[in-house]
Amino acid sequence: MHITINPEILKELEYLIELHQQYGAIEQMDSVESLIRYVMTKVADGSRRPGAWERQMLDMMGLVADCDAHNYYRAQYGK
């Protein structure tokens, strides 16, 4: 998989990493790649776990499908 990030967005993500490195954070990231990996993991967790805090993030972004299947807890990733 290859992901292209808008250069302006990339600059902001790099700045976020710089702030983490300079001042720390609860979930401190050391690269844009690690940040993206972390965020995508949380999106996937929110997709399979309706009661999790990550699901709230998906709800706010409008990423929860309007069907019963997306409202069941799944212990594993995927179908």
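Keep in mind that this is a model prediction, so the values were computed, not measured.

> Sorry, what's going on with the overall build of the protein here?
Counting its secondary structure elements, the protein contains three helices and zero strands. Listing each helix as α and each strand as β along the protein from the N terminus yields α-α-α. Taking 12 Å as the expected radius of gyration for a compact globule of 79 residues, we find that the protein reaches 15 Å, considerably beyond that expectation. In terms of overall dimensions, the protein has C-alpha extents of about 45 × 25 × 20 Å along its principal axes. For the protein, with 79 residues in total, the buried portion stands at 20%. Of the roughly 6,300 Å² of accessible surface on the protein, a fraction of 56% belongs to carbon and sulfur atoms.

> Where do I start with the pattern of salt bridges in this structure?
Opposite charge on two side chains allows them to pair when their charged atoms are near. For the structure on display, the rule yields four salt bridges. Across the salt bridge formed by Asp45 and Arg48, the nearest N and O atoms sit 3.5 Å from each other. Note that Asp45 and Arg48 are positioned in helix 2 (residues 32-48) at a spacing of three residues, about one turn of the helix. The salt bridge partner of Arg49 is Glu54, with a shortest N-O separation of 3.6 Å.

> What exactly am I supposed to notice about the packing of helix 2 against helix 3 (residues 53-61) here?
The packing of two helices is summarised by the inter-axis angle and the distance between the axes. As a packed pair, helix 2 and helix 3 sit with axes 7 Å apart at the nearest point and diverge in direction by 95 degrees. In terms of their interaxial angle, helix 2 and helix 3 are classed as roughly perpendicular. Across the interface between the two elements, Lys42, Val43, Asp45, Gly46 and Ser47 from helix 2 touch Trp53, Glu54, Arg55, Met57, Leu58 and Met61 from helix 3. Among the residues forming the contact of helix 2 with helix 3, the class breakdown is five nonpolar, two polar and four charged.

> Can you walk me through helix 2 in this structure?
Think of an α-helix as turning once every 3.6 residues; residues three or four places apart then point the same way. Along its 17 residues, helix 2 runs 25 Å from first to last C-alpha, staying within 8% of the 24 Å computed at 1.5 Å per residue. Lining the buried residues of helix 2 we find helix 1 (7-23) and helix 3.

> Before we go on, may I ask you to explain the packing of aromatic side chains in this structure?
Here the distance between the centres and the angle between the planes together describe a pair of aromatic rings. Summed over all chains, the structure comprises zero aromatic pairs. Its guanidinium or amino end placed over the ring of Tyr77, Arg48 lies 4.4 Å from that ring's centre, counting from NZ or CZ.

> Even after reading the chapter, I still don't get the side chain of Arg48, so can you show me in this structure?
Residue class for Arg48 comes out buried when judged on its relative accessible area of 10%. From its side chain, Arg48 meets the backbone oxygen of Ala75 in a polar contact 3.1 Å long. Apart from the residues within four sequence positions on either side, Arg48 is in contact with Tyr72, Tyr73, Arg74, Ala75, Gln76 and Tyr77.

Reading the values: the criteria
Residues numbered from 1 in each chain as written. Predicted model: local features only at pLDDT ≥ 70, side-chain atom pairs only at ≥ 80, totals over all residues. Heavy atoms only, no water. Helix = DSSP H or I, 4+ residues; strand = E, 2+ residues; numbered from the N terminus. Rg over C-alpha atoms; globule rule 2.2 N^0.38 Å. Buried < 20%, exposed > 50% of the residue type's maximum accessible area, 1.4 Å probe, protein only. Areas by Shrake-Rupley, 256 points an atom, 1.4 Å probe, with all protein chains shown as cover. Salt bridge = Lys/Arg side-chain N within 4 Å of Asp/Glu carboxyl O. Axes fitted to C-alpha atoms, helices over the stretch in contact; angles between N-to-C directions. Parallel < 35°, antiparallel > 145°, perpendicular 65-115°, else oblique. Contact = heavy atoms within 4.5 Å. Nonpolar A, V, L, I, M, F, W, Y, C, P; charged D, E, K, R; others polar. Expected span 1.5 Å × (residues − 1). Phe/Tyr/Trp six-rings, centres within 6.5 Å; stacked < 30°, edge-to-face > 60°. Lys NZ or Arg CZ within 6 Å of the ring centre and 35° of its normal. Polar contact = N/O pair within 3.5 Å; in protein donor to acceptor, adjacent residues only side chain to side chain.

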